[in-house]
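Here is how the chains run, residue by residue.
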Amino acid sequence: MTQLLLFNLFNGLIIGAFYALMALGLSLILNLSGVINFAHGGFLAIGAYLAYTLMPYIGFWGALAVAPVLTAGLGLVVERVLIRPLYGRDPLYSLLLTFGLAFILEDGTRYIWGPATLPFAIPGWLSSPLSNTLFFLTGYRMFMVALVIAAVIGLFLILNRTRLGMRIRAGTLDLETVSVLGINTRILRNLNFGLGIYLAGLAGVLAAGMLGLQPTIGSTLIMPSFVAIIIGGLGSLPGTLLGGLLIGVASGVTAVFFPSASEAVIYVIMGLVLLVRPRGLLGEEGRF
Amino acid sequence: MTTINKRGADAAVWLLLLTMPYWLNWVGGYTSLGSRVLVLALAAMSLNFLLGFTGVLSFGHAAYFGLGAYGVGLTIKYLVPNTLIGIAVGVIAGTVAATAIGALIVRLRGIYFAMVTIAFGQVFYFIAYRWNSVTGGDDGLSGWQRVPIDLGFTTVDILGNDKALYFLVLVCFAVAVGVMAALLRSPFGRTLLAIRENERRARFLGIPVDRHIWLSWVISCLFVSLAGTLYALLNNFADPHDLRWDQSGDFVIMAVLGGMRAFWGPLIGAAIFVVLQDYISSETANWMSFIGLFFVLVVLFFPRGVFGIFQRRAAR
């Protein structure tokens, strides 16, 4: 029983780390531009499929490095062409646009790569368990956690040690003043969007290795990301990280006691948080 | 639009709807397609009561749509094979759930409100999905069908006769739409518009905003669950997918496509959506991207939807 609980707890942490990675990208975009990016899952799928296509040429590690960058590039174009015109309008419209975009991205991947599940080959040495007693610690899961940690550290460094990061943080607090100070906020929002999508692409490559590659991979994962943000609190990146881990663990632990409720439990938690403390665990008051 | 024009437009719409089974085949459609348009139009118009006229976005309306669907299905399958009772049960189930949930969530706004509606929707979805023994799980609730309505002096064979079913749907649609229109014309409806335009000012005027939003929410969910019952009757089937947030998203798309600010907008939106879906899916498997693309173009260039194009012309 303890073995099972430990297994699920650990599994949950890993899944949670993964949710957190995706949710961080979403959160970045939401905090600065106020855009609720329903298409985030679609970009995740594109990242995964691009990695799949590139792998025969540059191997797993090459794909891991390049695919998210390409996805981010697509994100930059999308922001410039589709989302920028909507900044002046009611935030409802950017939500609706990304919702429509999600349809296009999902169906686009289905069109280009086919509806069937594709095999995603991860390097052999990653998929074997690391030890015989702790059999669930496969190399790939450890690698995922390591990569998420690296990505979070990287994000933290970018946000706190670079000029771009400083401007993003300032823009999150007061975009208008940042603009008045002479920063080109259009480019800032564009780059920030690209950064968020980079994280989505990265999460996509990881997800493909873990869940298998199919066109619906994006729409399956987008909701838990939103839940993570809401639970952690809008406007707070550490909150998003915490939210992701929390729902991963909750889902994992529930799988031990009520297996059929393990997917629903994250929504129950979100509902509870929204009713009891709407701003989320680490969120700021009056954000929306 | 002047009053005369508006009445003329309303009359034209009703005329078209009353005669739809007769001209629909002629333009390449079929009667149950027309029924489907009406049902989804009802759902979209109910959503728009909340979205377009009160200014509150919900992505969880599918939950009550699905409750209506499962309500009628479960009633006919396990309780009493009577269509009208089934519809009543479905509507009551959806409305009671909406009343309770609405009371809890009405103090939230914006994206929080939308997300919590999704949360409840997803919980219902997972219940329907997992409770295999009762709801049939992923396979949906099948093994039942519409029961011809025995009115005493005559039996309306909605099972075998597509036209009969269409007219049943039309009657329900007419009642629902009539009530919604009457409400929107009343002082209550005007208050909702005021809340949409500027909630803070409405509050300063002493309007109990939360209570109005709650009422608008309940009315909206009541009619959406009615649409759900009709949808299940149409298909002889209740699907857990009817409860998912992307089904809610479809309703939002229909409302925006047709025009959120116009009363008949969602009807046009639903018609476009269903026709596109039907037509394109027979040509290619990628109808989703077409609808998505169409929707993106509408959001970018025609935010007031199809009706917005007409309204702009009329204003000149």
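As the structure is a computational prediction, the values presented were derived from the model and not from experiment.

1. Digging into the overall build of chain A
Move 1: Counting its regular elements, chain A contains 10 helices and zero strands.
Move 2: If you list the helices and strands of chain A from N to C, you get α-α-α-α-α-α-α-α-α-α.
Move 3: Against the compact-globule benchmark of 19 Å for 288 residues, chain A has a radius of gyration of 19 Å, which places it among compact chains.
Move 4: Its C-alpha atoms give chain A principal-axis dimensions of about 60 × 50 × 35 Å.
Move 5: When burial is assessed residue by residue, chain A has 56% of its 288 residues classed as buried.
Move 6: Nonlocal contacts in chain A, meaning residues at least 24 apart in sequence, comprise 77% of its contacts between residues at least 6 apart.

2. So, the packing of aromatic side chains
Move 1: In this structure the tally under the stated criterion is 25 aromatic pairs over all chains.
Move 2: On the numbers, 6.4 Å between centres and 45 degrees between planes, the contact of Phe18(A) with Tyr19(A) is tilted. Per residue, the accessibility class of Phe18(A) equals that of Tyr19(A), and both read buried.
Move 3: The interplanar angle of 85 degrees and the centroid separation of 6.3 Å between the aromatic rings of Phe43(A) and Phe193(A) together place this pair among those described as edge-to-face. Remark: Phe193(A) occurs in helix 7 (residues 185-211) and Phe43(A) occurs in helix 2 (residues 40-83); sequence separation between them is 150 residues.
Move 4: For Phe43(A), a relative accessible area of 0% puts it in the buried group.
Move 5: Taken together through their ring pairs, the aromatic side chains of Phe38(A), Phe99(A), Phe103(A), Phe226(A), Phe59(B) and Trp245(B) make up a single cluster.
Move 6: Between Arg89(A) and the ring centre of Tyr93(A), over which it is positioned, the NZ or CZ distance is 5.4 Å.

3. Re helix 3 (residues 62-79) of chain B
Move 1: In this model helix 3 of chain B runs 24 Å from its N-terminal to its C-terminal C-alpha over 18 residues, within 8% of the 26 Å that 1.5 Å per residue would give.
Move 2: Counting buried positions along helix 3 of chain B gives 13 out of 18 residues, so the element sits mostly inside the fold.

4. Describing the packing of helix 1 (residues 2-33) of chain A against helix 5 (residues 163-173) of chain A
All names here are of chain A.
Move 1: For the pair helix 1 and helix 5, interaxial distance at closest approach is 7 Å and the crossing angle is 60 degrees. With respect to helix 5, the axis of helix 1 lies oblique. Between helix 1, through Leu28, Asn31 and Leu32, and helix 5, the contact on the second element is made entirely by Ile168, Gly171 and Thr172.
Move 2: Considering only residue class, the contact of helix 1 with helix 5 consists of three nonpolar, three polar and no charged.

5. Quick word on the packing of helix 11 (residues 245-258) of chain B against helix 12 (residues 265-283) of chain B
All names here are of chain B.
Move 1: Axis separation between helix 11 and helix 12 bottoms out at 6 Å; the angle between their running directions is 115 degrees. Here helix 12 runs roughly perpendicular to helix 11, going by the angle between their axes. The hand of the helix 11/helix 12 crossing is right-handed. Facing helix 11, whose interface residues are Asp250, Ile253, Met254, Ala255, Leu257 and Gly258, helix 12 presents Gly265, Pro266, Ile268, Gly269, Ala270, Ile272 and Phe273.
Move 2: Partitioned by chemical class, the residues of the contact of helix 11 with helix 12 number nine nonpolar, three polar and one charged.

6. What to know about the nonpolar core
Note on soluble globular proteins: their nonpolar side chains tend to be buried together.
Move 1: Residues Phe173(B) and Trp217(B) are the most contacted members of the largest nonpolar core, which totals 208 residues.
Move 2: When sequence neighbours within four positions are dropped, the list of residues in contact with Trp217(B) reads Leu50(B), Ser58(B), His61(B), Tyr64(B), Ala98(B), Ile101(B), Gly102(B), Ile105(B), Phe113(B) and Thr117(B).

Scoring rules and cut-offs
Residues numbered from 1 in each chain as written. Chains lettered and ligands numbered in written order. Predicted model: local features only at pLDDT ≥ 70, side-chain atom pairs only at ≥ 80, totals over all residues. Heavy atoms only, no water. Helix = DSSP H or I, 4+ residues; strand = E, 2+ residues; numbered from the N terminus. Rg over C-alpha atoms; globule rule 2.2 N^0.38 Å. Buried < 20%, exposed > 50% of the residue type's maximum accessible area, 1.4 Å probe, protein only. Contact = heavy atoms within 4.5 Å. Phe/Tyr/Trp six-rings, centres within 6.5 Å; stacked < 30°, edge-to-face > 60°. Lys NZ or Arg CZ within 6 Å of the ring centre and 35° of its normal. Expected span 1.5 Å × (residues − 1). Axes fitted to C-alpha atoms, helices over the stretch in contact; angles between N-to-C directions. Parallel < 35°, antiparallel > 145°, perpendicular 65-115°, else oblique. Nonpolar A, V, L, I, M, F, W, Y, C, P; charged D, E, K, R; others polar. Left-handed = near helix turned anticlockwise from the far one by under 90°. Core = buried A, V, L, I, M, F, W, Y, C linked by side-chain atoms within 4.5 Å.

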